[in-house]
Structures are given as C-alpha cells and as structure tokens.
Amino acid sequence: MFKTILLAYDGSEHAKRAARIAKMEAEAHGARLVVVHVYEPVPDYLGEPFFQEALKRRLERAEKVLAEAVGLTGVPREDALLLEGRPAEAILEAAIGERADLIVMGTRGLGAIGSLFLGSQSQKVLAEAPCPVLLVR
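To keep things clear, this report deals only with the structure shown in the data block.

Basis of the calculations
Residues numbered from 1 in each chain as written. Predicted model: local features only at pLDDT ≥ 70, side-chain atom pairs only at ≥ 80, totals over all residues. Heavy atoms only, no water. Buried < 20%, exposed > 50% of the residue type's maximum accessible area, 1.4 Å probe, protein only. Helix = DSSP H or I, 4+ residues; strand = E, 2+ residues; numbered from the N terminus. Right-handed = clockwise from strand over helix to strand, strands pointing away. Pairing = 2+ DSSP bridges. Axes fitted to C-alpha atoms, helices over the stretch in contact; angles between N-to-C directions. Contact = heavy atoms within 4.5 Å. Left-handed = near helix turned anticlockwise from the far one by under 90°. Nonpolar A, V, L, I, M, F, W, Y, C, P; charged D, E, K, R; others polar.

### Quick look at the pairing of strand β1 (residues 4-8)
Of all five residues that make up β1, five are buried, and the element is covered over most of its length. Burial along β1 is two-sided: the face carrying Thr-4, Leu-6 and Ala-8 and the face carrying Ile-5 and Leu-7 are both buried. This β-α-β element, β1 to helix α1 (residues 13-29) to strand β2 (residues 32-39), shows right-handed connectivity. Direction of pairing for β1 relative to strand β4 (residues 102-106): parallel, over a ladder of four bridges. Bridge pairing in β4 places Ala-8 opposite Met-105.

Shown next as structure tokens:
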C-alpha cells in the first residue's frame, strides 16, 4: 500500500516512538523510509560573530538529532534529510518532494511552549498534508 513513508523526527520521546512505528510500517509494506529533521533558521539580527556561532551550534545539534534518527530506523544516509525552515512547512514540502504516501510523526515535539501560541506542528501537518498522516503519542 505505501511506497514511501516520511518520518518527521525531532528527538522527542514521541518522535522516538514514531520512529519505531515508521520503521515497522516500512518493513511491513516494503516501503522506502525517508527521515526528515527540520531546524529553525538563526535570526539575522544576531549579527556577526553571534550569528555564525549560533548557526554552528544549531547545525551540530540538528546533525546529532538526524544521526539518532538514522540509528533508530537504519535508513541509508541518502534517505536522511536535514532541512532548515519552519518545521510544518518543511515537512510538507519534503512529503511532496519525496512523493510520500504516509507521514509519521509524534504528537508532541520539543517546541511545546511555541505550540501554545502557534498551534502544534503536527496539527499543521495534519491539516495540510497531501497524504495520510500517522500521529504517534
């Protein structure tokens, strides 16, 4: 049924559970599993040298989180995407670009404070996804 499954991974406990389920679904369907981790851009107003240092730290953390997801799922490195941008929008763009048949993600990510004001990323993905979405608690 599914040919390509996209896992949105942020390192949270819900995302770790979603990774296990996405891996099982991919194996059950013989599907390709693509892992996406999105990091938010560093604000330009920080100026030099703060901007470069903040970007370096953010990239190091993002690469670590993506490596964790690769370890949990066993996906090949070429199927592990590190994207910069707003999480929901980047996940949706990746789903379209990778022609995902299913998006798997946790219901609660690491951005809990922001979600109180802006709505959760999973809600945004669920509302606008071009394919089914499996939310994992």
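That covers the picture; the talk isn't over yet.
### Section: the sheet that holds strand β3 (residues 80-84)
Across the sheet, which stays open at both edges, the five strands sit in the order β3-β2-β1-β4-β5 with parallel pairing between neighbours. Unpaired on one side and paired on the other, β3 and β5 (133-136) mark the two borders of the sheet. Between one strand axis and the next, the sheet turns by 25° as a mean value, whatever way the strands run. Across five bridges, β2 lies against β3 in parallel orientation. Considered in β3, the bridge of Val-38 is made with Leu-83. Where helix α2 (residues 50-73) meets the sheet, its contacts fall on β1, β2 and β3, and the angle it forms with β2 comes to roughly 160°.

### Side note on unusual backbone geometry
Unusually for a residue other than glycine, Arg-99 sits at a positive phi of about 55°. For Arg-99, the position within the fold is in the loop between α3 (87-97) and β4. For Arg-99, a relative accessible area of 70% puts it in the exposed group.

### Digging into the packing of α3 against helix α5 (residues 121-128)
Packing of α3 against α5 brings their axes to within 8 Å, and their N-to-C directions diverge by 35°. Crossing of α3 against α5: the hand is right-handed. Of the residues in α5, those touching α3 at Pro-87, Ala-88, Ile-91 and Leu-92 are Gln-121, Lys-124, Val-125 and Glu-128. Considering only residue class, the contact of α3 with α5 consists of five nonpolar, one polar and two charged.

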